[in-house]
Amino acid sequence: MQDILNLLVLTPEEREAFRAAAPGLSQRFAPGGHPLPGQPELTEEDYARTAVILGNPPAARLGEGCALRWLHTRSAGVDAYTAPGVLPHGAMLSCSTGAYGHSVSEHLFAMLLALMKHLPEYRDQQNQCQWHDLGQARTLAGAQVLVVGAGDLGGSFARLCAALGAETAGIRRNTDVPVPGIASLHPMEALDQLLPAADVVCLTLPQSPQTVRLFDRDRLLRMKKDAILLNGGRGSVLDCQALADVLAEGHLWGAGLDVTDPEPLPPEHPLWRQPRALITPHAAGGDHLPDTARAIARIALRALRCYLDGQPIPNRVL
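Remember, it's a predicted structure, so these values are computed and weren't measured experimentally.

What counts and what doesn't
- Per-chain numbering applies: the sequence of each chain, read as written, is numbered from 1 onward.
- For this predicted model, a pLDDT threshold of at least 70 governs which residues receive local features, and a threshold of 80 or more governs which side-chain atom pairs are given and counted, while totals over whole chains, interfaces and linings are taken from all residues.
- Side-chain numbers here rest on the full set of heavy atoms in the structure, without hydrogens or water.
- Pairing between strands is defined by DSSP: at least two bridges between them are needed.
- Every helix listed is a DSSP run of H or I at least four residues long, and every strand listed is a run of E at least two residues long, numbered separately from the N terminus.
- Note on geometry: axes are lines fitted to C-alpha atoms, helical ones only across the stretch in contact, with angles between N-to-C directions running from 0 to 180 degrees.
- Two residues form a contact once any of their heavy atoms are found within 4.5 Å.
- Buried means the residue's accessible area, taken with a 1.4 Å probe over protein chains only, is under 20% of the maximum for its type, while exposed means over 50%, and partly exposed covers the values in between.
- Pairing of aromatic side chains here covers Phe, Tyr and the six-membered ring of Trp, requires ring centres within 6.5 Å, and sorts the geometry by plane angle: under 30 degrees stacked, over 60 edge-to-face, intermediate tilted.
- Both a distance and an angle decide whether a charge sits over a ring: NZ of Lys or CZ of Arg must be within 6 Å of the ring centre and within 35 degrees of the ring normal.
- Under the convention used throughout, the expected extent of a helix is 1.5 Å for every residue step, that is, one less than its residue count.

Novice: Help me understand the sheet that holds strand β6 (residues 144-148), please; the structure alone is not making it clear to me.
Specialist: Remark on secondary structure: sheet strands pair via backbone hydrogen bonds, oriented parallel or antiparallel. If you trace the seven strands from one edge of the open sheet to the other, you get β8-β7-β6-β9-β10-β11-β12, paired in parallel fashion. Bordering the open sheet on either side are β8 (184-186) and β12 (277-279), each of which pairs with just one other strand. With direction set aside, neighbouring strand axes in the sheet form an average angle of 15°. Looking at chain direction, strand β10 (residues 228-231) and strand β11 (residues 254-257) are connected through four bridges and run parallel. Pairing of L230 across the sheet is with G256, part of β11. Contacting β9 (200-203), β10, β11 and β12, helix α4 (residues 101-116) runs over the sheet at an angle of about 155° to β10. This element, helix α6 (residues 152-163), spans β6, β7 (167-171), β9 and β10 of the sheet and lies at about 170° to β6.

Novice: How do you make sense of the pairing of β9 when you look at a structure like this?
Specialist: Every other side chain in a regular strand lies on the same face of the sheet, so the side chains alternate between the two faces. Burial along β9 is two-sided: the face carrying V200 and C202 and the face carrying V201 and L203 are both buried. Across four bridges, the pairing between β6 and β9 is parallel. Residue pairing across strands places V148 opposite L203, the latter belonging to β9. Direction of pairing for β9 relative to β10: parallel, over a ladder of four bridges.

Novice: Even after reading the chapter, I still don't get the packing of aromatic side chains, so can you show me in this structure?
Specialist: The tally for this structure, following the rule as stated, stands at one aromatic pair. Note on W70 and Y307: the rings are 4.7 Å apart at their centroids and 25° apart in plane angle, and the pair reads as stacked. Note that W70 is positioned in strand β4 (residues 70-72) and Y307 in helix α10 (residues 290-309), a separation of 237 residues in sequence. What makes W70 buried here is its relative accessible area of 0%. Across the ring face of W253, the terminal group of R138 is positioned such that the distance to the ring centre comes to 4.9 Å.

Novice: Teacher, can you tell me more about the environment of E268 here?
Specialist: Tracing the backbone shows E268 in the loop between β11 and β12. Along the primary structure E268 and R74 are separated by 194 residues, whereas in three dimensions their C-alpha atoms are 33 Å apart.

Novice: Whenever I open this one, α4 confuses me. Can you help?
Specialist: Side chains of residues three or four places apart in an α-helix project in the same direction, reflecting 3.6 residues per turn. Between its first and last C-alpha, α4 extends 22 Å over 16 residues, near the 22 Å set by a 1.5 Å rise per residue. Every buried residue of α4 is accounted for by G101, S103, V104, S105, L108, F109, M111, L112, A114, L115 and M116. After α4 finishes, the residue H118 shows a positive phi value of roughly 65°.

Novice: Could you clarify how one ought to interpret the sheet that holds strand β2 (residues 27-29) in this entry?
Specialist: Pairing is parallel in the open sheet, where five strands are placed in the order β2-β1-β3-β4-β5. A strand with exactly one partner marks an edge of an open sheet, and here the two such strands are β2 and β5 (92-94). Strand-to-strand twist in this sheet, taken as the mean axis angle between neighbours without regard to direction, amounts to 15°. The pairing of strand β1 (residues 2-6) with β2 spans three bridges and is classified as parallel. Residue pairing across strands places I4 opposite Q27, the latter belonging to β2. Here helix α1 (residues 12-21) sits on the sheet in contact with β1, β2 and β3 (50-54), set at roughly 165° to β2. Contacts between α10 and the sheet are confined to β1, β3, β4 and β5, with β4 contributing the most and set at about 160° to the helix.

In C-alpha cells form, the structure reads like this:
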C-alpha cells in the first residue's frame, strides 16, 4: 500500500516540509495528477492503493475497494466526493476552506464596483463605438451590505466593503463567533427580515439541502428594486432562471455571478444576454492568485500533521 499521494501544487520547499511531516512514510508528489519530471504516469492502482490523498483526485478513481482512509481536497467545495459510493466506507474527508478568501473576495468586490459604475455596459458601448453617459452610478459609502454565508469568503468580502464606508451584516449558523469586517451577525431565520434593507446581497454559501434554491423568485423580489446581487459560493443557491426573469422585469440594479446552476449555463439561457448581469466562469478562486496555492499548502500540511498525530483534522467534512 502506498501511504500518501500528494496532488497539490507545491514549491520545492513545501514538498520538503511535507516529507519532514511524515518521516518513514511513502509519499508521492504529482501536482494536479500530473507526475513531476522523471516520474511515471499515475495509474488506477496508484489511486486504489493509497491511504491518504492530498488534492482532488478523479472521483471515478475512488470508491469501495480502494485503500483510501483520508482525502483532503485542495478545494473548499467537496460536492464531487460526498455522493454515496464515491469514497470507501469509513474514509474521512476534509477541505481547504480558508484558502480562498483573498482571491474570491477581490473578484466579487471587482464585480460589485463594475456593476455600480456601469462598466460592463460601457464596455458594450465601446465595442459599438458609442459614447453615451449612462447616468447615475452607485457608491459603497453608507450602503447596507448583507453577506449570506459569513465565513472566510464572506468575511473577506465584507472587510473590503467596510473599507469604503459600507455598513455590513452577515448571516451564519454560529452567530457567537465574531467575523472581522462584519458589524452584526444574524441566524438564517433573520434572512427575510434583513433582505429588504440591503443595497448589496453577497452569497458565499456552501451547498447543502438547506441552501439549494434558497434565493428563488420570492426572495429576489424581497430585495430592493435597485439592490445588487452577487454569488461567489455555489450556483445551486440561486435560481438563475428566476434571476433572469426579475432582471428582465426591471427589478434589481444588477447581478454578478461567478457560479451558476447549471454550470455553465446553456447557450440559450437569457442571463447570457442580460445587460445588467455580469458572469464569470467560476474563475474567482482556483489558481488565479499565487498566494492561494501557498495557503492551500499550509492548510494541508497542518491537517496532515494532525492526522498523523491522531488529533482532530481541521475542516473535516466527513
